[in-house]
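Tertiary structure, described
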Amino acid sequence: MACALLWPASPALAGSESGDASDDAQSFLLSVDLRAVASDGLPSYLEGGGGKQRFDDNDDGFHVGRIFLDYRGRFTDTLSVHATLNTYGDDDKNPVDVTEMYLDWKTYPHGGWRWRTKVGAFYPPVSLENRGPGWSSPYSISASAINTWFGEEFRTIGAEVSATWLGSQSHGTGDLTLYASLYKWNDDVGLLMSFRGWSLNDRQTPLFGRLPFIPIFFLTPPPNAEFRNGFEFFHEIDNRIGYYAGAEWKQSNFLTLRATHYDNRADLSKFEYDFAWLTRYDSLGARVELPRDWTLIGQWLSGDTAVGFIPSGVKQYELDMDSWFLLASKGFGRHRLTARYDDFGSDQTMGTGFRNWDAGHAWTFAYLVDFNDSWQVAVESLTIDAMLTGRVMLGEPVHATEHQVQLAVRYSWRN
Amino acid sequence: MKTPLFQAFLALSVAGYCTAAQALSVQVVDPAGRPVADVVVVVSPSDGRAVKTESANRAHAQMDQRNREFVPQVLVIEAGTWVDFPNSDSVSHQVYSFSPAKPFQLPLYKGSAHPPVLFDRAGVVTLGCNIHDNMLGYIYVADSPWFGKTDIDGRWASGALPIGRYDLRIWSPRIRDTADSLHRLIDVGDRLDLKETFKLDRKVKAPAAQPANGKPWDDY
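A brief report on the enclosed structure follows. Worth saying up front: this structure is predicted, and the values here are computed from it rather than measured. (Residues numbered from 1 in each chain as written. Chains lettered and ligands numbered in written order. Predicted model: local features only at pLDDT ≥ 70, side-chain atom pairs only at ≥ 80, totals over all residues. Heavy atoms only, no water.)

Observations concerning the nonpolar core
Proteins that are soluble and globular tend to have nonpolar side chains buried together. Residues and elements named next belong to chain A. Core analysis: the largest hydrophobic core is formed by 58 residues, its most contacted members being F195, W198, L219, F227 and F231. Sorting the residues of this core by element identifies strand 4 (97–106), strand 5 (113–122), helix 3 (145–153), strand 7 (175–184), helix 5 (191–196), strand 11 (294–308), strand 12 (315–332) and strand 15 (375–388) as the ones contributing at least two each. Filtering out sequence-adjacent residues up to four positions away, F227 remains in contact with L191, F195, F213, L219, P221, Y273, D274 and F275. (Core = buried A, V, L, I, M, F, W, Y, C linked by side-chain atoms within 4.5 Å. Buried < 20%, exposed > 50% of the residue type's maximum accessible area, 1.4 Å probe, protein only. Helix = DSSP H or I, 4+ residues; strand = E, 2+ residues; numbered from the N terminus. Contact = heavy atoms within 4.5 Å.)

Focus on the pairing of strand 16 (residues 399–414) of chain A
All names here are of chain A. Sheet topology note: the strand 1 (residues 26–39)/strand 16 ladder contains 11 bridges and is antiparallel. Within strand 16, the position partnered with D33 by the bridge is R410. When strand 15 meets strand 16, the two strands line up antiparallel, connected through 13 bridges. Bridging from a neighbouring strand, V377 pairs with V409 of strand 16. (Pairing = 2+ DSSP bridges.)

A closer look at the interface of chain A and chain B
Counting residues at the interface gives 42 residues for chain A and 33 residues for chain B. Here chain A meets chain B over a buried area of about 3400 Å², counting both sides, of which 44% is carbon and sulfur. Its largest share of buried area at the contact with chain B, chain A owes to A:Y108, A:R131 and A:Q169, together 22% of the area lost on that side. In this structure, the connection of chain A to chain B is made through one salt bridge. Where chain A meets chain B, there are eight residue pairs in polar contact (both at pLDDT 80 or more). When residues of the side of chain A that touches chain B are traced back to their parent elements, those giving at least two are helix 2 (11–21), strand 2 (61–74), strand 5, strand 6 (156–166), helix 4 (167–170) and strand 10 (278–290) of chain A. For the side of chain A that touches chain B, the per-class residue count stands at nine nonpolar, 14 polar and 19 charged. (Buried area = accessible area lost by both parts, 1.4 Å probe. Salt bridge = Lys/Arg side-chain N within 4 Å of Asp/Glu carboxyl O. Polar contact = N/O pair within 3.5 Å; in protein donor to acceptor, adjacent residues only side chain to side chain. Nonpolar A, V, L, I, M, F, W, Y, C, P; charged D, E, K, R; others polar.)

Examining the pattern of salt bridges
All names here are of chain A. Evaluation of the coordinates by the stated rule reveals 32 salt bridges over all chains. Between R35 and D202 there is a salt bridge, with the nearest N and O atoms lying 2.6 Å from each other. Of this pair, R35 sits in strand 1 while D202 sits in the loop between helix 5 and strand 8 (242–251); the two residues are 167 residues apart in sequence, bridging distant segments of the chain. Neither residue differs from the other here; R35 and D202 are each classed as buried. Residues joined in a network through salt bridges with shared partners are D33, R35, R54, D90, D92, D202, R203 and R410.

In structure tokens form, the structure reads like this:
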């Protein structure tokens, strides 16, 4: 009995006791995700192919899914820093690189309003899926097509200010947030979308990362076009500031609605190793969380991207893109089942030569189980049924149905 | 949570009341007649005279933080009570309120002391956490020593009440009825069985789902 009193009864208790012993001004999360993969996909875009999946039929076997370190440090009650370091084991340019790093200043509410300012590099608030540590999805391994695009090509490198009216506190209704951002260094967004089209995967391009060029030729670039050596996304080319603005309505844990308009305001006449891609979108999203641990998420996005002839700036290429998905997920204690349907497509509405566009849909089924706070196993089946006209240039079938099954074993360590 | 016996003791210790006393039982039901639990019930003298018990200034109550929720979600205390916020979670919280009855900010970091908070003005204090927006809690600060919350059968019974006229109020964040129908005057006299039933006109809000179940998920 004395022993029972002296010794912590459970790991959770032990964690909280050791937490009591030290200040928690700094928190670390180290997550290691190892995969077993089976795929019949076309050569992956990560190999310069036209396949839409991270792993192709040469990748069957074991891989590093992702290793990341998520750090949060608190300077004061309201000012903190957040950074995420990653490695994917996919022959990336930098073995370890940063996906997000920003200062977060979140005031205490005054008079029912709260201001929040983020400065640094972070994601625009579009995804309703990627709410896990390190911007992962707690519902599946691979993100939806829309949120995959955000992980690959978008980063706000600048500032975002939001004001939240805390109606849940003052009126028992919900919270209304208005947000707006000014940023630079995202003039390449649209590049990967124009070559490969939509994809579903779990990779996030780090700030200094690069993806292989996919040899589909539909543009008239100057001879010094850097993107032929690889796709990079976080450059400032035209010295113009881009913006996005939007609103969120949140009702406790029950309902989250979000709408965003984005425009990077790229100058089509500018070229500095790469085109300035003029990319705009509108997006809507809804997440409903019901009793019995049911979650439903739907997002829709419609946008376009364009580049110009250099130096005239006359538009030489334009691509419209649209996608939506519906996700249903149910938790059963430590177990979670998720099903998601994605629909996506792009349409090249202007161009001088070959037209590259895609259309397709995808089904994702995932099962995740948490053995304890540290160990998780996830299984996912992903089927992408799509066409990409540029595959002709790669000697690949334009239309393909690609299957990929992944088993992830994940260990996380928290301080 | 104060027991009826303790409340009876409180009631008897209040100076200036005659010793004749009677218990009051209250039930709250929804439009379909189903009991509504966790509803705050407060009985206070209708003439507005302050009923201060000596014990109130020394009283401590607790509003814990567990799995990123306030526990209990609704705490009812008498004005003059100190409330401890122990934070049983392994993560930090930053509790705040901007309610007129008690605006305050209280960081609950691991390893650093956080003092109790004195609630000395009557009213509803809505609690939030500046780190976890989904956390929502309420402290109902009563101006009377006779208070409690309905049980799973929607019932609450007072201790012995001295003879007199009282204002009987009920409150819950889940109730949508207008304030007018949530209080009434009652006379505590010689009748033996004093029972009051509040039948709500509007459906109560469902308790908030907690699908994240304490998991470290962000809003983004």
